[in-house]
Amino acid sequence: MKSVLSLNNIAKRYGHIQALNGISFNVPQGSIFGILGPNGSGKTTTLGIILDVLKADSGTFSWLDAAPAANLRRQIGTLLETPNFYHYLSAIDNLNITQAISMRGTKQDIENCLKQVNLFERRKSKFKTFSLGMKQRLAIAAALLGNPDIIVLDEPTNGLDPVGILEIRELIKRLAKEGKTIIMASHLLDEVEKVCSHVAILKNGKLITSGPVNEILSNEDTIELSSSNTNQLYEILKNYKGLTAIKNTDTAIQLSFTVGTAKPEEINKYCFDQGIVLNQLTIKRKSLETKFFELTNN
């Protein structure tokens with residue numbers, strides 16, 4: 001798959017603080033790529049460097065296999081922080097001003113951008129009447145001026161209520177379906193897991209891992225099962241062949257296997273042959289939250 005962005009050994013220091021320590025990863029074209037990490041992990045510094053707001057101390061990066069250039073930047077829409085919209089102006093008037101200042105797109109593009117973020121019906125409403133989610137969608141509309149192929153978002157759901165988060169989540173998915181590549185920095189594990197196809201996990205300026213979300217989460221199979229007697233079930237299963245870990249949660253037993261080796265039907269038959277009737281047997285995917293803490297606490 002073609003990469004739209006490649007980072008090679010990027011480093012950045014602020015005084016005695018090593019903000020980035022030699023990070024490298026590729027962003028596939030058409031992906032929703034999450035840069036995940038807690039506050040202070042280097043997410044915003046990474047975005048600042050790839051958008052030429054900051055200069056790296058060492059390392060290189062390239063957009064679309066080319067050196068950074070002004071004409072390439074026009075293919076990238078950005079939202080590093082919510083633009084300073086005028087509260088007393090309408091949505092369309094604010095975008096008119098943004099377009100005139102940025103020189104991205106045309107006046108005719110503005111209505112289409114408002115339609116893309118589902119704000120066309122509110123285009124004449126004053127900015128001050130918008131919910132937080134609507135304000136963030138208007139900010140994304142500003143990033144869409146000029147119809148860029150790549151959208152870069154810094155914490156796009158930060159501070160939003162559940163409704164606002166859902167609106168932005170669905171908007172990002174819709175833009176990706178239209179063929180755009182989305183790069184988003186976030187500290188929200190749940191949002192990255194629900195939205196992103198790929199992820200890079202940062203901690204203290206270091207890259208912990210990167211790749212497709214499903215691959216990062218699928219290094220083991222987890223089976224959860226229960227019966228009327230959990231302790232008896234545990235004793236029967238603790239020496240089961242191929243098992244890499246077993247955990248008794250009092251209400252259920254969790255079995256771990258090397259990825260691709262768990263066979264639920266064989267486990268069910270094994271328990272039945274031992275005189276145990278299961279009342280639950282489910283395959284569980286490890287959550288990104290669990291994987292994140294495993295990776296960052298090593």
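Above this text sits the structure in question.
For every chain, the first residue of the written sequence is number 1, and numbering continues from 1 onward in sequence order. It should be noted that, the model being predicted, local features are given only for residues of pLDDT at least 70 and side-chain atom pairs only at 80 or more, the latter also being counted only at that level, while totals for whole chains, interfaces and linings use all residues. Working from all heavy atoms in the structure, the side-chain values ignore hydrogens and water.

For the rest of this paragraph, the subject is unusual backbone geometry. Despite not being glycine, Asn-118 shows a phi value in the positive range, around 60°. Think of it this way: any DSSP run of H or I at least four residues long counts as a helix, any run of E at least two long counts as a strand, and we number them from the N terminus. Examined against the element boundaries, Asn-118 turns out to sit in the loop between helix H4 (107-116) and helix H5 (132-143). In this structure, Glu-155 takes a positive phi of about 50° despite not being glycine. Relative to the helices and strands, Glu-155 is located in the loop between strand S6 (150-154) and helix H6 (162-177). Accessibility here uses a 1.4 Å probe with only protein chains present; expressed as a share of the type maximum, an area under 20% marks a residue as buried, one over 50% as exposed, and anything in between as partly exposed. Classification of Glu-155 by relative accessible area gives buried; the value is 13%.

Here we come to the pattern of salt bridges. Criterion for a salt bridge: a side-chain nitrogen of Lys or Arg within 4 Å of a carboxyl oxygen of Asp or Glu. Within this structure, the stated rule accounts for 5 salt bridges. When the shortest N-O distance is used, the salt bridge between Arg-169 and Glu-191 registers 2.9 Å. On the criterion of sequence distance, the pair formed by Arg-169 in helix H6 and Glu-191 in helix H7 (residues 189-195) is long-range, its members being 22 residues apart. The residues Arg-169 and Glu-191 share a single accessibility class, namely buried.

Secondary-structure assignment places Ile-168 in helix H6. As for Ile-168 and Val-195, which are separated by 27 residues in sequence, their C-alpha atoms are 9.9 Å apart. Leave out the neighbours within four places in its chain, and Ile-168 touches Gly-133, Gln-136, Arg-137, Ile-140, Pro-156, Thr-157 and Leu-160. Two residues form a contact once any of their heavy atoms are found within 4.5 Å.

When two helices pack together, their arrangement is given by the angle between their axes and by how far apart the axes lie. Axes here mean lines fitted to C-alpha atoms, for a helix over just the part in contact, with angles spanning 0 to 180 degrees between N-to-C directions. Axis separation between helix H3 (residues 91-102) and H4 bottoms out at 10 Å; the angle between their running directions is 130°. Judged by the inter-axis angle, H3 sits oblique to H4. Crossing geometry of H3 relative to H4 is assigned as right-handed. For the pair H3 and H4, contact is made by Ala-91, Ile-92, Leu-95, Asn-96, Gln-99 and Ala-100 and by Lys-107, Ile-110, Glu-111 and Leu-114, respectively. Split by residue class, the contact of H3 with H4 holds 6 nonpolar, 2 polar and 2 charged. Roughly parallel covers angles under 35 degrees, roughly antiparallel covers those over 145, roughly perpendicular covers 65 to 115, and oblique covers all other angles. Left-handed describes a crossing in which the near helix is turned anticlockwise from the far one by less than a right angle; the clockwise case is right-handed. Amino acids outside the nonpolar list (Ala, Val, Leu, Ile, Met, Phe, Trp, Tyr, Cys, Pro) and the charged list (Asp, Glu, Lys, Arg) are all regarded as polar, and Gly is one of them.

Attention now goes to the packing of aromatic side chains. Pairing of aromatic rings covers Phe, Tyr and Trp, the last counted by its six-membered ring, and requires centre-to-centre distances within 6.5 Å; plane angles under 30 degrees mean stacked, over 60 mean edge-to-face, and any other angle means tilted. By the definition in use, this model includes 6 aromatic pairs. Where Tyr-240 meets Phe-257, the ring centres are 6.2 Å apart and the plane angle is 90°; that geometry is what we call edge-to-face. Taken together, the residues span a long stretch of sequence, with Tyr-240 in the loop between helix H9 (230-237) and strand S11 (243-248) and Phe-257 in strand S12 (residues 253-258) at a distance of 17 residues. Each member of the pair, Tyr-240 as well as Phe-257, carries the same accessibility label: buried. Through a chain of ring-to-ring contacts, three or more aromatic side chains come together here, namely Phe-85, Phe-127 and Phe-130. Geometrically, a charge over a ring is one whose NZ (Lys) or CZ (Arg) sits within 6 Å of the ring centre while staying within 35 degrees of the ring normal. Above the plane of the ring of Phe-120 lies Lys-115, whose end atom (NZ or CZ) is 4.9 Å from the centre. Against the face of Phe-120 rests Arg-123, its NZ or CZ located 3.9 Å from the ring centre.

The next point concerns the sheet that holds strand S1 (residues 3-14). Across the sheet, 3 strands lie side by side as S2-S1-S4; this open sheet has antiparallel pairing. Of all the strands in the sheet, the pair left with one neighbour each is strand S2 (17-28) and strand S4 (58-63). Between one strand and the next, the sheet's axes are offset by a mean angle of 15°, whatever the strand orientation. In this analysis, strands are considered paired if DSSP registers two or more bridges between them. With 9 bridges connecting them, S1 and S2 associate as antiparallel partners. Considered in S2, the bridge of Lys-12 is made with Leu-20.

Packing of H3 against H5 brings their axes to within 10 Å, and their N-to-C directions diverge by 35°. The way H3 lies across H5 gives a crossing that is right-handed. Contacts from Ala-91, Leu-95 and Thr-98 of H3 reach H5 at Leu-138, Ala-141 and Ala-142. For the contact of H3 with H5, the residue count by class is 5 nonpolar, 1 polar and no charged.

It is worth spelling out H6 at this point. Because an α-helix completes one turn every 3.6 residues, residues spaced three or four positions apart along the sequence face the same direction. In this scheme, a helix's expected span is set at 1.5 Å multiplied by one less than its residue total. End to end, H6 covers 23 Å across 16 residues, agreeing with the expected 22 Å (1.5 Å per residue, within 8%). Residues Gly-164, Ile-165, Ile-168, Arg-169, Leu-171, Ile-172, Leu-175 and Ala-176 constitute the buried set of H6. All buried residues of H6 lie within an arc of 165° about the axis, which places them on one face of the element. In H6, the exposed residues that point more than 90 degrees away from the buried face are Pro-162, Val-163 and Lys-177. On its buried face, H6 is in contact with strand S3 (32-36), H4, H5, S6, strand S7 (181-186) and H7. Note: the arc covers the axis-to-C-beta directions of the helix.

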